[in-house]
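Per-entry structural report
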Amino acid sequence: MIHPRLSVRVRRAALACLSGGLLLVGASSTPVAADTRPSIRVDNDTLTVQTLLDGRFSGPKETFVSVDGAENARGKLTVTFDASDLEGFFPESTTGLVPCDADGDLIGECDHPHQRLVLDATAKATAAGRSGRIRITAKVDGKVQDTAEVTVRVTDPGPVFDRAPTGFTDVEPGSRLELPGGFSNYSRYHGYRSVIVGVYFPDGLSPVGEFGNCAYEEDGADPSPANRRVVSMSCRLTGPFPPGGSYDLDLGPVEVGHQALSQSIHYSARPERADGEGPERLQGRPGKGRPLTFTERGDDATHVRIGSLPATTTVRTTNQADFSVNHVTLNGKVGDVVAADFFFVNNGPGTVGAVFDSESDNETAQVIELAMPQGITVVKTPEGCRKEPAPQVNKKAKAKKKANGPLYRCWQRRMDKSVLMPPGHFEHFPFSVRLDKPGRSDNNTADSGYVLIKTELTVDEFDEDKDNNRSHISLDVKAAPRASATSTEQDTASRRATIGGAAAGVALACAAHIPWRRRGIRSPSIGTDATGGNAAASEGPEPTR
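Along each chain, numbering runs from 1 in the same order as the chain's sequence is written. Reporting of local features is limited, given that this is a predicted model, to residues whose pLDDT is at least 70; pairs of side-chain atoms are given and counted only at 80 or more, and all residues count toward the totals for whole chains, interfaces and linings. Water and hydrogen atoms play no part in the side-chain values, which are based on all heavy atoms of the structure.

A word on the overall build of the protein
The test is simple: Runs of H or I in DSSP of at least four residues are treated as helices and runs of E of at least two as strands, each being numbered from the N terminus. Throughout this description, buried means an accessible area under 20% of the type-specific maximum (1.4 Å probe, protein chains only), exposed means over 50%, and partly exposed covers the range between. Throughout, a residue-residue contact means that at least one pair of heavy atoms, one from each residue, lies within 4.5 Å. Per-residue accessibility takes into account occlusion by the displayed protein chains alone, with areas from the Shrake-Rupley method and a 1.4 Å probe.
What the protein contains, in helices and strands, is two helices and 33 strands. Split into buried and exposed, the 545 residues of the protein put 43% on the buried side. Contacts in the protein between residues far apart in sequence, at least 24 positions, make up 82% of those at least 6 positions apart. Of the roughly 29,800 Å² of accessible surface on the protein, a fraction of 50% belongs to carbon and sulfur atoms.

Brief notes about the state of the cysteines
Basically, it comes down to this: Any two cysteine sulfur atoms within 2.5 Å of one another count as a disulfide.
Throughout the structure, instances matching the rule amount to three disulfides. A sulfur-sulfur separation of 2.0 Å characterises the disulfide bridge that pairs Cys100 with Cys110. In this structure the cystine formed by Cys100 and Cys110 twists about its S-S bond by roughly 115°; its chirality is therefore right-handed. Residue Cys100 is located in the loop between strand E4 (77-82) and strand E5 (107-110), and its partner Cys110 is located in strand E5; the two are separated by ten residues in the primary sequence. Judged by relative accessible area, Cys100 falls into the partly exposed class, the value being 39%.

Remarks on the sheet that holds strand E30 (residues 426-435)
Just so we agree on the cut-off: Being paired, for any two strands, means DSSP has found at least two bridges between them.
As summarised here, the arrangement of the four strands in space is E21-E23-E30-E26, forming an open sheet in which the pairing is antiparallel. Where the open sheet ends on each side, the last strands, each with one partner, are strand E21 (323-324) and strand E26 (376-380). Across nine bridges, the pairing between strand E23 (residues 337-346) and E30 is antiparallel. Bridging from a neighbouring strand, Phe342 pairs with Phe429 of E30.

Focus on the packing of aromatic side chains
Basically, it comes down to this: Only Phe, Tyr and Trp rings are paired, with Trp represented by its six-membered ring, and only when their centres lie within 6.5 Å; those with planes under 30 degrees apart are stacked, over 60 edge-to-face, the remainder tilted.
Across all of its chains, the model carries nine aromatic pairs by this definition. Between Phe241 and Tyr247 the ring centres are 5.0 Å apart and the planes differ by 75°, which places this aromatic pair in the edge-to-face class. Tyr247 matches Phe241 in its accessibility class, with the two residues each being buried. Measuring from centroid to centroid gives 5.7 Å for Tyr247 and Phe294, while their planes differ by 85°, and the two rings are edge-to-face.

Some points on the pattern of salt bridges
Going by this rule: Salt bridge criterion: a side-chain nitrogen from Lys or Arg within 4 Å of a carboxyl oxygen from Asp or Glu.
Using the criterion set out here, one finds 17 salt bridges in the structure. Of the charged contacts, one joins Glu369 and Lys454 as a salt bridge, the two residues approaching to 3.2 Å between their closest N and O atoms. Here the residue Glu369 occupies a position in strand E25 (residues 366-371), and Lys454 occupies one in the loop between strand E31 (449-453) and strand E32 (470-478), the gap between them amounting to 85 residues. Across the pair Arg434 and Asp436 runs a salt bridge whose closest N-O atoms are separated by 2.9 Å. Judged by its relative accessible area of 31%, Asp436 is partly exposed. Each of Glu369, Arg386, Glu388, Arg409 and Lys454 takes part in salt bridges that share partners, so that together they form one network.

Side note on the confidence of the model for the protein
The criterion, for reference: Residue-level confidence of the predictor, termed pLDDT, takes values from 0 up to 100.
Per-residue confidence for the protein averages 77 on the pLDDT scale, and 72% of its residues sit at or above 70. Averaged pLDDT values for the elements of the protein fall to 36 in strand E33 (residues 498-499) and rise to 96 in strand E19 (residues 294-296). Note on residues 1-6: pLDDT is under 50 here. Beyond four places in sequence and across chains, it has one contact. The low-confidence segment residues 441-446 (pLDDT under 50) makes seven contacts with residues lying over four places distant or belonging to another chain.

A look at the sheet that holds E5
Selection criterion: All axes here are fitted lines through C-alpha atoms, helices being fitted over the stretch that makes contact, and every angle between N-to-C directions spans 0 to 180 degrees.
Sheet architecture is open: five strands sit in the order E2-E8-E7-E4-E5, paired in mixed fashion. Each edge of the open sheet is held by one strand with a lone partner, namely strand E2 (46-49) and E5. In this sheet, neighbouring strand axes are inclined to one another by 20° on average, regardless of whether the strands run parallel or antiparallel. Examined bridge by bridge, E2 and strand E8 (residues 143-154) share four bridges and lie parallel to one another.

Points about the side chain of Thr78
Structurally, the position occupied by Thr78 is in strand E4. For Thr78, a relative accessible area of 10% translates into the label buried. Each residue touching Thr78, except ones within four places of it in the same chain, is listed here: Glu109, Cys110, Thr137, Ala138 and Lys139.

So, the nonpolar core
Formally: Residues belong to one nonpolar core when they are buried, are Ala, Val, Leu, Ile, Met, Phe, Trp, Tyr or Cys, and are joined through side-chain atoms within 4.5 Å.
Grouped together as the largest cluster of nonpolar side chains are 38 residues, with contacts concentrated most on Phe161, Phe183, Val197, Phe201, Met233, Leu251 and Tyr267. Breaking this core down by element, the ones donating at least two residues are strand E9 (159-163), strand E11 (176-185), strand E12 (192-200), strand E14 (214-218), strand E15 (230-241), strand E16 (246-256) and strand E17 (262-271). The next biggest cluster of nonpolar side chains, apart from the first, holds 35 residues, and it includes Phe344, Tyr408, Phe429 and Phe462.

A closer look at unusual backbone geometry
The step from Leu309 to Pro310 runs through a cis peptide bond, and the omega angle for that step is 0°. Following Gly348, the chain continues to Pro349 via a peptide bond in cis, the omega torsion being 0°. Tracing the backbone shows Pro349 in the loop between E23 and strand E24 (352-353). Non-glycine residue Cys100 carries a positive phi angle of around 60°. One non-glycine residue, Asp170, adopts positive backbone phi at about 55°. Along the polypeptide, Asp170 turns up in strand E10 (residues 167-171). Judged by its relative accessible area of 61%, Asp170 falls in the exposed class.

Thoughts on the pairing of E14
Taken together, the five bridges between E14 and E15 define a ladder with antiparallel strand orientation. Note on E15: the bridge partner recorded for Glu218 is Val230. Pairing geometry for E14 and strand E18 (residues 285-286), over two bridges, is antiparallel. Bridging across to E18, Ala215 finds its partner in Pro286.

Things to note about the pairing of E12
Among the nine residues in E12, seven count as buried, and that is most of the element. Note: E12 against E15, eight bridges, orientation antiparallel. Across the sheet, Val195 pairs through a bridge with Leu237, a residue of E15. Where E12 meets E17, six bridges bridge the pair, whose relative direction is antiparallel. From the neighbouring strand, Val195 faces E17, where its bridge partner is Pro271.

Thoughts on the environment of Gly88
Within the secondary structure, Gly88 sits in the loop between E4 and E5. The exposure class assigned to Gly88 is partly exposed, which follows from its relative accessible area of 29%. The sequence separation of Gly88 and Lys124 amounts to 36 residues, and the corresponding C-alpha distance is 7.9 Å. In contact with Gly88, not counting residues within four places along its chain, are Lys124 and Thr126.

As structure tokens, then:
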């Protein structure tokens, strides 16, 4: 029989041994990282890029590449991009297809775990419809840890209008130009039963004849028969058109109008859209005459434009245009509020574009700068004109003559880039001003302002006479009525507003939502109106009504 005390000792020893064992077990169970291998994460594994055949570049394609767990890598981490599969897809001048590619061999090795892969270029025509891969490899001390791929697909543009003259120069108005054309099916896989070809004519150029398989749209702004003008034609060509086929067209002669200046003809080609009720309906009235036909392109074809698409044809004539603003004189008595309608005109004979800014949708293109003369106060400013802050003046400097009055800038507020400015059209900016003090002679510049054609885009390339792009604004103000005059007489006198000269102006052809405003310039003679006041006098040519 075991002694009770011995049993207690044994139990205590056993507990001590158990506690020590647990401590040993705890000391040997320090956590160890199970898997420290980095892994590649790609935000977008497919990038679709365009070719120059698509006509417009839709912007760069990109994806972000990250290596997760890079901070736990035991060694030097590198990320390799191998785009050798894309060789021949892009022009030779293209650089930076993959990051960290210093020598341009389409293989780059980066030492940072986060990279942005950007394809900021259009593919070559020969790459249309093709696909390639960019292989991404993460390594630690040269040993592969993970791999990933990004697929690059090049769009399949199908039919593309790729044959047209580059341009004609020194063309005489009234002459005719022959217009060869053609298109190719750049699809690698798809053939088409029929193709729609479009030709878009600018103002001053129009087709001489018509084709029976084409529809013609005309200018809706002036539908009268005397001013009917074809703006586009759409033609249905029946194939078949297999992949890789090229075809030439004889679009016939084009007549150059008397207003043509420097214009461009645009072309297009596309598959005919499926319509369950029959052939696609072309917009416009049906043409009359023989059908437009096509022939397979031979090796000796000229005007093929594979390197400069979309295809356009520029026609530059011997015409010029002429902008002008007229000398304006403000007439009246001190206290009168008079109208001051500033404007500028295209004297022709050439027609020019009616928008003067480089933005595609900007409605604030500056066209006029106005420096008002001293001695007047602007009572009403037209919409689209803004007063500029007064410049800092050095009070210590002794000025020999007074500066001009307040400076205004007037903006175009047009968004339609297709509108044109024929001869005789103008845009005006009607101010109202109060005559505050007697004016001095026209030769005294202290009371003289100016009106200036000032646009973002230069008009020098087509403006025949640049000297009339700026003119004076002068005052002819008589002293205020004597104190003996009744207040009623003074009020009546202050309401009689006269303009001695209205400035000649330009009719910028209006966007679709802004109608043209045509206004004739009154006779330079000064008469007396029914109320006994002076009629408005103006100087310069009379715009077309």
